[in-house]
Amino acid sequence: MTYTAQDYGNLIGMEGFSETLLSNHFTLYQGYVSNTNKLHELLSNKEKDATNPEYAELKRRFGFEFNGMRLHEYYFENLGGKTPLDKQGSIAKKLAEAYGSYEAWEQDFKATGAMRGIGWTILYQDNVGGWLFNQWINEHEVGHLAGCKPILVMDVFEHAFMTDYGLKRADYIAAFFKNINWSEVKSRLK
Ligand SMILES: [Fe+2]
């Protein structure tokens, strides 16, 4: 089993994101792909010995690297949109059902992303009940909702915005919203 890094070069030129920022971000993402492969190989070859701290730490680390890889794929794939959200359409309707109005959902998603700390903001859909939740993920692996599908994923690690926005995280979040690929979001939503 080997994962291959996807090419998101089509995002270069996106409004509000410099080429330097995006290129560096792609390189970081490629690091997660190669580390996921490396960890998988190391664990496959290691003696399955729970008393060996090396085995245990590699095992713990896998969630960090794998989620770092996969969340960047969700993130880059839900960017590059050129068409604003149809406020009368099915996505806006579902968000409004969950949060009272589309605007209330957007405010909550942005507030989640503006929280102190490094991680991700994810709009999840519960596979069981269909409910929608804006969730904070610490780093890459802490806070995921079991059995829920990521619908919209926003990176709020500092590397995602500092090159272009310094400490102005809210300005980055506004730029993120201008570039959401709503047709990708729609394809994820049930
Ligand atoms: Fe990132």
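The preceding data block contains the structure.
Below, the structure is looked at part by part. (Residues numbered from 1 in each chain as written. Predicted model: local features only at pLDDT ≥ 70, side-chain atom pairs only at ≥ 80, totals over all residues. Heavy atoms only, no water.)

## Observations concerning the environment of Trp-131
Along the chain, Trp-131 turns up in the loop between β1 (119-126) and β2 (132-138). Residue Trp-131 is classed as exposed on the basis of its relative accessible area, which comes to 54%. In sequence terms Trp-131 and Pro-84 are 47 residues apart; their C-alpha atoms lie 23 Å from each other. Residues in contact with Trp-131, not counting those within four places in the same chain, are Tyr-124, Gln-125 and Asp-126. (Helix = DSSP H or I, 4+ residues; strand = E, 2+ residues; numbered from the N terminus. Buried < 20%, exposed > 50% of the residue type's maximum accessible area, 1.4 Å probe, protein only. Contact = heavy atoms within 4.5 Å.)

## So, the side chain of Asn-134
Turning to its location among the elements, Asn-134 is positioned in strand β2. Polar side-chain contacts of Asn-134 include one of 2.8 Å to the side chain of Trp-105. A polar contact is formed between the side chain of Asn-134 and the side chain of Asp-108, at a distance of 2.9 Å. Those residues in contact with Asn-134, other than ones at most four positions away along the chain, are Tyr-99, Trp-105, Asp-108, Phe-109, Thr-112, Ile-122 and Leu-123. (Polar contact = N/O pair within 3.5 Å; in protein donor to acceptor, adjacent residues only side chain to side chain.)

## Concerning helix α1 (residues 19-45)
An α-helical turn contains 3.6 residues, so a residue and the one three or four places further along point in the same direction. For α1, which comprises 27 residues, the first-to-last C-alpha distance of 39 Å matches the rise-based estimate of 39 Å (1.5 Å per residue) to within 8%. Taken together, the buried positions of α1 are Leu-21, Leu-22, His-25, Phe-26, Tyr-29, Tyr-32, Val-33, Thr-36, Asn-37, Leu-39 and Leu-43. Where α1 is buried, its residues meet α2 (53-77), β3 (148-155) and α5 (162-165). (Expected span 1.5 Å × (residues − 1).)

## A short note on the pattern of salt bridges
The tally for this structure, following the rule as stated, stands at six salt bridges. Between Glu-65 and Arg-61 there is a salt bridge, and its shortest N-O distance comes to 3.2 Å. With Glu-65 and Arg-61 both in helix α2, this residue pair falls four residues apart, about one helical turn. Judged by its relative accessible area of 3%, Glu-65 is buried. Between Arg-188 and Glu-184 there is a salt bridge; the shortest N-O distance is 3.0 Å. Residue Arg-188 and its partner Glu-184 are located together in helix α7 (residues 182-188), separated by four residues, close to a single helical turn. (Salt bridge = Lys/Arg side-chain N within 4 Å of Asp/Glu carboxyl O.)

## A short note on the sheet that holds β3
In a beta sheet, neighbouring strands are held together by backbone hydrogen bonds and run either parallel or antiparallel to one another. An order of β2-β1-β3 is seen for the three strands of this open sheet, with the pairing classed as antiparallel. Only two strands of the sheet have a single neighbouring strand rather than two, namely β2 and β3. Going from strand to strand, the sheet's axes swing by 30° on average, the running direction of each strand aside. Pairing analysis gives seven bridges linking β1 to β2, with the strands arranged antiparallel. Across the sheet, Gly-119 pairs through a bridge with Asn-138, a residue of β2. Running over the sheet, α2 touches β1 and β3 and is turned about 75° from β3. Taken strand by strand, helix α4 (residues 102-113) contacts β1, β2 and β3, and its axis lies near 10° from that of β2. (Pairing = 2+ DSSP bridges. Axes fitted to C-alpha atoms, helices over the stretch in contact; angles between N-to-C directions.)

## Some details on the coordination of the iron ion
Within the protein, His-25 (NE2), His-72 (NE2), Asp-155 (OD) and His-159 (NE2) serve as the donor atoms for the iron ion, at 1.9 to 2.1 Å. Here the donor residues of the iron ion are spaced in sequence according to H-x46-H-x82-D-x3-H. One end of the pair, His-25, is in helix α1; the other, His-159, is in the loop between β3 and α5, and 134 residues separate them in sequence. By relative accessible area, His-159 is classed as partly exposed at 24%. (Donors = N, O, S within 2.8 Å, 3.2 Å for Na, K, Ca; no water.)

## Description of the environment of Asp-171
Within the secondary structure, Asp-171 is located in helix α6 (residues 169-178). Spatially, the C-alpha atom of Asp-171 lies 9.0 Å from that of Phe-161, the residues being 10 residues apart in sequence.

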